[in-house]
Structure formats: C-alpha cells, structure tokens
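Structural overview for review
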Amino acid sequence: MSRIVLGVSGGVAAYKAALLLRAFTEAGHDVRVVPTPGALHFVGAATFEALSGNPVTTDVWSDVPEVAHVRIGQTADLVVVAPATADLLARAAAGRADDLLTATLLTAHCPVVFVPAMHTEMWLHPATQDNVATLRRRGAVVLPPAVGRLTGPDSGPGRLPEPADIAALAAVVLDGGAGALPQDLTGRRVVISAGGTREPLDPVRYLGNRSSGKQGWALARVAAARGADVVLVAANVDAPAPFGVRVVPVGTAEELRTAMHAEAAGADVVVMSAAVADFRPAGVAATKLKKGSAGEPTAVELVRNPDVLAELVAGRPPGRLVVGFAAETGDDDGDVLTHARAKLARKGCDLLVVNDVSAGQVFGRSENAVVVLGADGSATEVPRGSKDAVAAGIWTAVGARLDPAGGR
Ligand code: CTP
C-alpha cells in the first residue's frame, strides 16, 4: 500500500478523477484527494471523501494544527494531478502556493505526475508548453493529453487519458520513480505491431493465435508517455486506443506487412511485438465450408507467410532500430537464451525481447518478465512486473541505443 495524493484541478474532466481514485483504492492504495477550489465546481468534496475514505480540503486554513499543507506533501509516495489545467500547470511551474494543492506540490519529495486536460488552444499555447517544459526539467512526469472529442463539438489534443491508462502509468512511477518515464523519446517516431494475425479459411473461420496484444498496448502507452509519436499496427485487438497513439487495425499477416512497411517510413524505431502467423491456408474458400458437402475438407494445406521482421531489417535505413520479440521454451538443444541468441542472429534485428513461455506464463496475463538481447552481445533482464513496467524496461534498453543525432 502506498500513499497517493490525487490533485484535481478545475476542468470538466474532474469527473474522471473519481474513476482514477477508484482505480487507486482498488489497487490497495491510501489516497488523499486535494482538489483546487475550482475542481469543486465540477465534483463535490463528498464524492472524493466517500470514495477515498479520507477528508478533503482545498485551502491551507483547514486543519491548521496538522499543518496539512506541509504534511500531505512530505508523507506522500506519489502525487498525481489529474486533470491538470493550464492554470494549475502555470501555478506549479511558477512555484506558487495559493491553495493546498500547489502548497503540497512544493513540499512533495516524491515523484509527481501531471495529467493535463484542457482545450487544444490552451494546450498548444507557448505559455503552457513552456510551463510543461519547466516542470519536466525539474523532474516531473507530464503525460501528453489524449487526442479526441473535447467538451463541445471540437476535437484535438487536450482530452484526459482514460483513468485505467493513467493508473497503469502511475503504478510504473510508483515502482520505478519518475525516472521510469523520462522524456527520452521526445521527437522520435515509433511504430509498434501488436496482437495476433488471423488467417482466413473461409468467410467465418480462421487460423489464429492467443496473443492478447496487452504487451504491445503497454509498449505504445509507455512510449507515448515518454514523448514518442506512436503508431500501433493492431492485429485483432479489441481494446480502446491508448492516449496519444494512432491505431491502424489489420487482420492478416499480409495486411500487417503492408501496414508496417507503409508506417515504417520515417520511423526511428520499429517494434514487432505482434504474433504473426508463420503459415496461412493455401486457399480461402469463397463460401462457408460445409460438413457433408462435396467440398468438405479433409486437410488444410498451408503456405509460408513472409517474415515481416526480416523484411523490416533488410529494408531499414541507417539509424533506425528494429526490435523483434521471441516467445521461447528451453529444450534438449538448449535453454531459452541460447535459442533466443540464435534467433537474434537469424533475424538480424538490433534487439530481441525474449519471453520464456515454458510454463505458459505470458498469454493474456497482466504480468510479464523479459530479457532484452542486443546484437552487441548485451543481455538486459527486465524483472517480473506489470506489462507497463516491463514496457518501461524495454524502452530504456531501446532508448540507450537510439542515434543521438536522430529525432526531430
Ligand atoms: N515475425 C514476423 N513475421 C512472421 C513471423 C514472425 O515478423 N511471419 C516476427 C514476430 O513479430 C517476432 C519475431 O518475428 O518479432 C519472432 O517470431 P517467431 O515466429 O518466434 O520466429 P521464427 O523465426 O518463426 O522462429 P521459430 O522457428 O521459433 O518459429
């Protein structure tokens, strides 16, 4: 159990803070909500008190003997401000202490995560961007807002990310500190494939696999949080797009291949985390295969699919990193890492993220553990943790190899 301060400032997205609060308490954390006076125009203190089980105050004149404005910040393990309005970011950047939340921000020794939400114009204004840069320079994590429908008919960057995404990233910071989400991918273009391809047999049946796409989703979410411009080529994943990420849906290996080649143009990093079918049925029946019919199949002939990872390696320009994934089991011919090293050499990629699937431990699970092998002979162990924590470890290994002259 950790002590989390949930700061809420006065924007319409404040209602989503109640869901975030719920996610934190369900994860077992003790949450103290510190709204600004403006936030209470949108959500009543009673809602935050009932959901957190803790008192809610907005100013420094309540609980004076407790010296709340100092104690709340000093004793927190993590401060998350969601939503962070343009005004809150400005006051935090200026170091003001005109309400309990900003006073708390000045006394907090722990990691601080700001989750901005505001109208697009306010987000893009140089004053706001300068304030964000100042807060990041001081070590705070500032997540990019999601793109989409805002209050009213307009849309653009400014939406609060989904509470579940914020909670997942907050957990990464809680475990690894603010250094788990540095802004090291700012200006980098990242293309990630995720999910599992489906190879049709007839209009209703397909050959598929058990990949859930969860690790690819976490990679996209964490890359966006670390500043990257992210495209997610998603094979049959039924999940909402992570914030700040463009999703390109695909079905078959062939569609994934076409999308990856198109999206890889201009990319600094390409990550193949999708489970691509190695084979597809040689022919696809135009109508449903029926039992007892003249066309009832007795066997399925398969043909090889192209190796997309190998193609991306062969076609890459200098400076682009290509990262592969491998699900391996140990056997009489060698252990997991021996097989993985051979695969890294065979595929020719820069990094290979290795999952040990011997005990059926990965598919659909919320936790993972990997080893990141480098073509330079390195091996980085990323310990068991949430898929977001593992994604953070993978990006740290990738970030260390990015061409410093690259990016925009
Ligand atoms: N991959 C790909 N295209 C394929 C198959 C796999 O791009 N047709 C990519 C996967 O996305 C992953 C990596 O290759 O990044 C590892 O795939 P895997 O199937 O484990 O490799 P194989 O060479 O097929 O190894 P094995 O002989 O163990 O099946």
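Heads up: these notes are all about the structure in this document.

Rules used in this analysis
Residues numbered from 1 in each chain as written. Predicted model: local features only at pLDDT ≥ 70, side-chain atom pairs only at ≥ 80, totals over all residues. Heavy atoms only, no water. Helix = DSSP H or I, 4+ residues; strand = E, 2+ residues; numbered from the N terminus. Expected span 1.5 Å × (residues − 1). Buried < 20%, exposed > 50% of the residue type's maximum accessible area, 1.4 Å probe, protein only. Near = heavy atom within 4 Å. Polar contact = N/O pair within 3.5 Å; in protein donor to acceptor, adjacent residues only side chain to side chain. Areas by Shrake-Rupley, 256 points an atom, 1.4 Å probe, with all protein chains shown as cover. Contact = heavy atoms within 4.5 Å. Axes fitted to C-alpha atoms, helices over the stretch in contact; angles between N-to-C directions. Parallel < 35°, antiparallel > 145°, perpendicular 65-115°, else oblique. Nonpolar A, V, L, I, M, F, W, Y, C, P; charged D, E, K, R; others polar.

The end-to-end C-alpha separation of helix α8 (residues 163-176) is 20 Å, in line with the 20 Å expected for 14 residues at 1.5 Å each. Of all the residues in α8, the buried ones are Pro163, Asp165, Ile166, Ala167, Ala168, Leu169, Ala170, Val172 and Val173. Phi for Gly177, located one or two positions after α8, is positive at around 80°.

The ligand sits among 14 residues. The nearest are Met272, Ala274, Leu309, Phe325 and Lys343. Pro306 has a polar backbone atom sitting 2.9 Å from a nitrogen atom of the ligand. For the ligand, an oxygen atom lies 3.0 Å from a polar atom in the side chain of Lys347. When isolated, the ligand has an accessible area of 590 Å², and the protein chains bury 75% of it.

A few words now on the side chain of Asp202. Inspection of the secondary structure assignment puts Asp202 in the loop between β9 (199-200) and β10 (206-207). Within the structure, Asp202 has its side chain in polar contact with the backbone nitrogen of Val204 (distance 2.9 Å). Within the local environment of Asp202, its side chain forms a polar contact with the backbone nitrogen of Leu289, the two atoms lying 3.0 Å apart. Sequence-distant contacts of Asp202, that is, excluding residues within four places in its chain, are made with Val284, Ala285, Thr287, Lys288 and Leu289.

On to the packing of helix α1 (residues 14-26) against helix α2 (residues 45-52). It is the contact of α1 with α2, at a shortest axis distance of 10 Å, that shows an interaxial angle of 10°. Here α1 is positioned roughly parallel relative to α2, judged by the angle of their axes. On α2, the residues touching Ala14, Ala17, Ala18, Leu21, Arg22 and Thr25 of α1 are Thr47, Phe48, Leu51 and Ser52. Residue composition of the contact of α1 with α2, grouped by class: six nonpolar, three polar and one charged.

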